[in-house]
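Per-entry structural report
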Number of protein chains: 2
Amino acid sequence: MDDDHAFMRLALAQAQKSYDEGGLPIGAVMVENGQVIAQGHNRRVQDGNPVAHGEMDCFMKAGRRPRYDTVTLYTTLSPCMMCAGTIVQFGVGRVVVGEARSFAGNLDFLRQRGVQVTLLDDADCVALMTRFIAEKPALWDEDIAGNG
Amino acid sequence: MDDDHAFMRLALAQAQKSYDEGGLPIGAVMVENGQVIAQGHNRRVQDGNPVAHGEMDCFMKAGRRPRYDTVTLYTTLSPCMMCAGTIVQFGVGRVVVGEARSFAGNLDFLRQRGVQVTLLDDADCVALMTRFIAEKPALWDEDIAGNG
């Protein structure tokens, strides 16, 4: 297994953890120089925090830093406009996306703003998200405020 | 004083509170049907949270809700790409901006995505932000990761 798929396994484990907690199953991992510096998952249900998407939770876990150009952010699901905007504002160098079938997200926006994007189209990421959306469609709708 | 300027006074009071705490002086207020539903300010310094810009703190304070089209968000400073992306993803109906001189932000992006934008060009908002940037340029640079 290459590094991208290995780190995506960690992000998917975060997503599964959130699913097991009754939350939205979207996970993220932040990596720098081959080292994991933060792991997170969606916390809308767990913390009642509407902006705590998986990627945002990773930024929070990583704490304060002056720059992000050497960072790669792994996320199980294609980033929404909030998370894509955050990636661009903070200048994250590279984003690796598990899947964009359940939610198209904003991959072209990221590329247009100079972010290196890799889409893995991972079957396990698709399966978990597909299952969740079928089980809790109202919660998924709330997480993206209907802007899917 | 009209309602927009009155609510901007509340946002500016939040910004001043953050300044007095040693943080970034950017405040925000969320209003629905003429009622304040949340007030917040930047919490990078106070909480060590890099995504807690003033607007984001307001979303957190407002808690979970399914839609935001009836919401007006007041912010003392033009929204960065993270906050603009959040406003668009959650479908906030209207944004009132204190000033865009210290930081141009993303007003055209918001308008292009269907958000109603009002720029007050408030002298007191400009004065507080100008003073802060002169006093703590490195902290301001960190807050926007150099992407000003």
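Structure shown above.
Everything in this summary refers to the structure shown in the same document. Just so we're clear, the structure is a prediction, and the values are computed from it rather than from any experiment.

Here is what the cut-offs are and how they apply
Residues numbered from 1 in each chain as written. Chains lettered and ligands numbered in written order. Predicted model: local features only at pLDDT ≥ 70, side-chain atom pairs only at ≥ 80, totals over all residues. Heavy atoms only, no water. Helix = DSSP H or I, 4+ residues; strand = E, 2+ residues; numbered from the N terminus. Buried < 20%, exposed > 50% of the residue type's maximum accessible area, 1.4 Å probe, protein only. Salt bridge = Lys/Arg side-chain N within 4 Å of Asp/Glu carboxyl O. Pairing = 2+ DSSP bridges.

1. Quick word on the environment of A:His5
Residues and elements named next belong to chain A. Summarising the element assignment, His5 is placed in helix H1 (residues 3-20). For His5, a relative accessible area of 32% translates into the label partly exposed. Each C-alpha atom, one on His5 and one on Ile144, is 26 Å from the other, the two residues being 139 residues apart in sequence.

2. A closer look at the pattern of salt bridges
Residues and elements named next belong to chain B. The full count for this structure, using the stated rule, is 28 salt bridges over all chains. Notably, a salt bridge pairs Lys61 with Asp57, separated by 3.0 Å at the nearest N-O pair. A residue pair is termed a helical-turn pair when its members lie 3 or 4 positions apart in one helix, as Lys61 and Asp57 do in helix H3 (residues 54-62) at 4 residues. For Glu135, the salt bridge identified is with Arg131, shortest N-O distance 3.2 Å. Placement of the pair is Glu135 and Arg131 together in helix H6 (residues 123-135), with a separation of 4 residues, close to one helical turn. On the accessibility criterion, Glu135 (41% relative accessible area) is partly exposed. Since its relative accessible area comes to 46%, Arg131 is described here as partly exposed.

3. Quick look at the pairing of strand E1 (residues 27-32) of chain A
Along a regular strand, successive side chains alternate from one face of the sheet to the other. All names here are of chain A. Across the 6 residues of E1, 6 count as buried, placing the element largely inside the fold. Judged by which residues are buried, E1 turns out to be covered on both faces: Gly27, Val29 and Val31 on one side and Ala28, Met30 and Glu32 on the other are all buried. Pairing of E1 with strand E2 (residues 35-41), which is carried by 6 bridges, proceeds in the antiparallel orientation. For Gly27, the partnering residue across the bridge sits in E2 and is His41. In sequence, E1 turns back onto E2 through a hairpin of 2 residues, with Asn33 there showing a positive phi of about 50°.

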